[in-house]
Amino acid sequence: MTLFGYRLPMMSSLIVWVILWEIIGRLELLLLFPPFSEVILALGDVLTSSSFAEAMRITAISYVAGLAIALVVGIALGFLMGLVPTADKMLNMWVNTFLSAPLSALVPVFMILFGLGTPTVIVTVFMFAVWIIALDTRAGVQNISPSLIEMSRSFGASRFERFKITLFAALPEILAGVRLGMIRGVKGVVIGQLLVSIIGVGALFSLYQQNFLMAHFWALVLLLFTLALTFAEIVARFEKRIEYYAGARS
Amino acid sequence: MTVALAADNTAERSVPKPTNPIIEVRNVSKVYGGAVHALDKINLSFETGHLTSLLGPSGCGKTTLLKIVAGLLQPTDGEILVKGKKVTGPGPERAFVFQDFALMPWASVLQNAAFGLKMQGVGKAERLEKARHYIGEVGLAGFEEKYPHELSGGMRQRVGLARALAVDADVLLMDEPFSAVDEQTRRKFQEDLIRLREVENKTFLFVTHSIEEAVYVSDRIVMLSPRPGRISEIIDPDIPDGISPDELRRNGTYLDTVEEIWRSIRKYVE
Ligand SMILES: Nc1ncnc2c1ncn2[C@@H]1O[C@H](COP(=O)(O)OP(=O)(O)O)[C@@H](O)[C@H]1O
Ligand SMILES: [Mg+2]
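Every value quoted in this text rests on a predicted model; they were computed, and no experiment measured them. (Residues numbered from 1 in each chain as written. Chains lettered and ligands numbered in written order. Predicted model: local features only at pLDDT ≥ 70, side-chain atom pairs only at ≥ 80, totals over all residues. Heavy atoms only, no water.)

Residue and element names in this part refer to chain B. Around ligand 1, the surrounding shell consists of Tyr32, Val36, Ala38, Ser58, Gly59, Cys60, Gly61, Lys62, Thr63 and Thr64. Lys62 is positioned such that a nitrogen or oxygen atom in its backbone is 2.9 Å from an oxygen atom of ligand 1. Separating an oxygen atom of ligand 1 from a side-chain N or O atom of Thr63 is a distance of 2.6 Å. Sorting the residues of the shell around ligand 1 by element identifies β3 (36-47) and α1 (62-70) as the ones contributing at least two each. For the shell around ligand 1, the element with the highest residue contribution is α1, accounting for three residues. Grouping the amino acids of the shell around ligand 1 by side-chain chemistry returns four nonpolar, five polar and one charged. (Near = heavy atom within 4 Å. Polar contact = N/O pair within 3.5 Å; in protein donor to acceptor, adjacent residues only side chain to side chain. Helix = DSSP H or I, 4+ residues; strand = E, 2+ residues; numbered from the N terminus. Nonpolar A, V, L, I, M, F, W, Y, C, P; charged D, E, K, R; others polar.)

Quick look at the structure:
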């Protein structure tokens, strides 16, 4: 970005917004917006509180568990759809529907089924992540060059070896699906906790809201954004490696 | 040059029948999806230790026939015998070289070349040593640790060839192995193939749509005609032994044979 011919550093637009926020906060126009400086002060409070540590623990556990189940189920489902045309015909429509459906609307149903606790959050993460993993795996399996499979057959590969070749050949697509699933899973873990609202970050948000701790509230929002963006950045690094691999395939 | 019309089975053939056939194709037909007659009652045998080309315009069933011999496709009718035994699927006495190389992109040249041996359960040290030997044999020494995407098309096909040679099959089935490589590489390849034939005691079945290539490398050329795929002619090119590649391309018999084949093929092309 340039201003009056001067090159401005990357973060400078952010500084403008922060100053604006500070001014609006100082004017005390809205109860909702405490000055930014107060939010920064609250940040330390939030970070050191035991309820934040507990919330992060629950978030991490639900995320990892939900994603792990989504990986296993999604990849298995993708293989099934990619290899068995009948299964594909029966499942494809549903998987696509779930992929684009507003899944947040289903969280109340999960709450009835799985109770107001971690299981519901795990299921939410799972539902957010699994469909894209399944679809990308399916695409990968269907795009495998037929001659690679013929090659393995002609050299007498066992069923297990042929499966291994299919897996390796579809790996770039599978990993691309996993990457998207990981990012969707982050949405799932936050939305799930917000809706359940008595555990994890959801409980923290309600606590701050009910006690009008708006500085704490915004501090938590900032923290979550930073964590999610950092995570997305790590995943993007991992994607670059996959792209290299996929490009090297042909 | 000797020519025989294979369709005329009662007539005295002027090409000699194989005395020691390693592969016999008996009455093989292949119909795809109930409608496409890719092969129609093919009868053919291949002499042990010879290089036989299947030649014909595209769509005449060359790949289909080769894959049936490989055991990768089931014929609709008829049977294949390899060393007197009926083919029911792929077997270790046959190795396939693929038109599009079919290398595993995640594996190194060495691992690719050792793939067939690994599938046969050969121990790691032994299979890597053998693979190394054949990588050298096809002229890729020094490239063992490279990956397929780091190689040119011609080099990739050499890996495919090393993989097929390494399993020490009696028969090498090659489906247009040089069609995806550029012209210069292709010539070099053809010369290498002829040299390889002399060191490796193997039978080659070689699919090509290039007349020059077939005449250059083959002991016998089986010409197929399309729709339905039938044998139209069998030709044994009488190229003098020990002729250099450069002499050969100016040799009268070579040129006459190419011309002869072109005349009989052109009616299918037009
Ligand atoms: N899997 C398939 N399904 C349907 N038709 C096929 C299939 N494979 C080949 N064919 C048809 O069979 C005929 C012979 O094909 P092919 O053996 O590939 O010929 P060639 O290798 O001589 O070009 C062609 O008409 C082709 O379209
Ligand atoms: Mg073909």
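Residues and elements named next belong to chain A. Inspection of the secondary structure puts Gly115 in the loop between α5 (107-114) and α6 (118-142). Using a relative accessible area of 26% as the deciding quantity, one classes Gly115 as partly exposed. A C-alpha to C-alpha distance of 8.9 Å links Gly115 and Val196, two positions 81 residues apart in sequence. Apart from residues lying up to four places away in sequence, Gly115 is in contact with Phe110 and Thr120. (Buried < 20%, exposed > 50% of the residue type's maximum accessible area, 1.4 Å probe, protein only. Contact = heavy atoms within 4.5 Å.)

As annotated by UniProt and renumbered to match this structure, "domain: ABC transmembrane type-1" (unreviewed entry) occupies residues 56-233 of chain A. Along residues 56-233 of chain A, the helical share is 87% and the strand share 0%, with 19 Å between the first and last C-alpha atoms. (UniProt positions renumbered as here; feature names shortened; annotations may be inferred.)

A word on the interface of chain A and chain B. By a widely used convention, the size of an interface equals the accessible area lost when the partners come together. Counting residues at the interface gives 21 residues for chain A and 23 residues for chain B. Taking both sides of the interface into account, the surface hidden between chain A and chain B amounts to around 1,800 Å²; carbon and sulfur atoms contribute 67%. The interface formed by chain A and chain B contains one salt bridge. For A:Glu150, the salt bridge identified is with B:Lys67, shortest N-O distance 2.9 Å. Where chain A meets chain B, there are three residue pairs in polar contact (both at pLDDT 80 or more). Those elements that provide at least two residues to the side of chain A that touches chain B are α7 (146-154), α8 (159-196) and α10 (214-247) of chain A. Ranked by residues supplied to the side of chain A that touches chain B, first place goes to α7(A) with seven residues. (Buried area = accessible area lost by both parts, 1.4 Å probe. Salt bridge = Lys/Arg side-chain N within 4 Å of Asp/Glu carboxyl O.)

Two side chains carrying opposite charge are able to pair once their charged atoms lie near each other. Residue and element names in this part refer to chain B. One pass over the structure, following the stated rule, counts 20 salt bridges over all chains. A salt bridge links Arg263 to Glu260; its shortest N-O distance comes to 3.8 Å. One end of the pair, Arg263, and the other, Glu260, are both in helix α9 (residues 252-269), three residues apart, so they sit about a helical turn from each other. The exposure class of Glu260 is partly exposed, given its relative accessible area of 29%. Residues joined by salt bridges that share partners form a network here, namely Glu24, Arg26 and Glu79.

This part takes up helix α9 (residues 200-210) of chain A. Of the residues making up α9(A), those classed as buried are A:Gly200, A:Val201, A:Gly202, A:Leu204, A:Phe205, A:Ser206 and A:Tyr208. Two residues or fewer past α9(A), A:Phe212 is found with a positive phi of approximately 50°.

Below, the discussion takes up the confidence of the model for chain B. All names here are of chain B. Averaged over all residues, the pLDDT of chain B equals 86, while 94% of them reach at least 70. Considering each helix and strand of chain B separately, the mean pLDDT is smallest for strand β1 (residues 2-4), with a value of 53, and largest for helix α2 (residues 109-113), with 95. Here residues 5-13 scores under 50 on pLDDT; set against residues more than four positions off or in separate chains, the count is nine contacts. Interface confidence in the predicted complex, given as ipTM, is 0.86; pTM for the same model is 0.80. (pLDDT = per-residue confidence, 0-100.)

Right, let's get into the nonpolar core. Counting 130 residues, the largest nonpolar core has B:Ile23, B:Val25, B:Leu44, B:Ile80, B:Leu161 and B:Ile261 as the members making the most contacts within it. With 14 residues, the top contributor of residues to this core is α6(A). With residues near it in sequence (within four places) discarded, B:Ile23 still touches B:Leu44, B:Ser45, B:Phe46, B:Val69, B:Ile80, B:Leu81, B:Val82, B:Val171 and B:Leu205. (Core = buried A, V, L, I, M, F, W, Y, C linked by side-chain atoms within 4.5 Å.)

All names here are of chain B. When the domains of chain B are assigned, the result is domain 1 (2-93 + 170-268) and domain 2 (105-168). Between domain 1 and domain 2, the C-alpha centre-to-centre distance is 26 Å. Each side of the interface is counted separately: domain 1 has 15 residues, and domain 2 has eleven residues. Here domain 1 packs against domain 2, burying approximately 1,100 Å² in sum over the two surfaces, 59% of which is carbon and sulfur. When the buried surface of domain 1 facing domain 2 is broken down by residue, Phe189, Leu196 and Glu200 rank first, second and third, together holding 35% of it. Between Lys202 and Asp168 there is a salt bridge, and its shortest N-O distance comes to 2.9 Å. (Domains from an automatic or database assignment.)

Now for the domain arrangement of chain A. Residues and elements named next belong to chain A. Considered domain by domain, chain A is made up of domain 1 (1-31) and domain 2 (34-247). Domain 1 and domain 2 are separated by 34 Å when their C-alpha centres are compared. Residue-level contacts link six residues of domain 1 with eight residues of domain 2. For the pairing of domain 1 and domain 2, the buried interface totals around 660 Å² over both sides, and the portion due to carbon and sulfur atoms is 68%. Summed over the three residues of domain 1 that lose the most area to domain 2, namely Trp21, Glu22 and Leu31, the buried surface amounts to 70% of that side. Our count for the contact surface shared by domain 1 and domain 2 stands at zero salt bridges. For the interface between domain 1 and domain 2, the tally reads three residue pairs in polar contact (both at pLDDT 80 or more). Here the residues of the side of domain 1 that touches domain 2 sort into three nonpolar, one polar and two charged.

Another point: the sheet that holds strand β2 (residues 21-32) of chain B. Residues and elements named next belong to chain B. Taken in spatial order, the four strands of this open sheet run β3-β2-β5-β6, and their pairing is antiparallel. Each edge of the open sheet carries a strand with a single partner, namely β3 and β6 (85-86). Where β2 and strand β5 (residues 77-82) come together, five bridges link them in antiparallel fashion. Counted as the bridge partner of Glu24 is Leu81 from β5. Contacts from α1 reach β2, β3 and β5 within the one sheet, and its direction differs from that of β2 by about 120°. (Pairing = 2+ DSSP bridges. Axes fitted to C-alpha atoms, helices over the stretch in contact; angles between N-to-C directions.)

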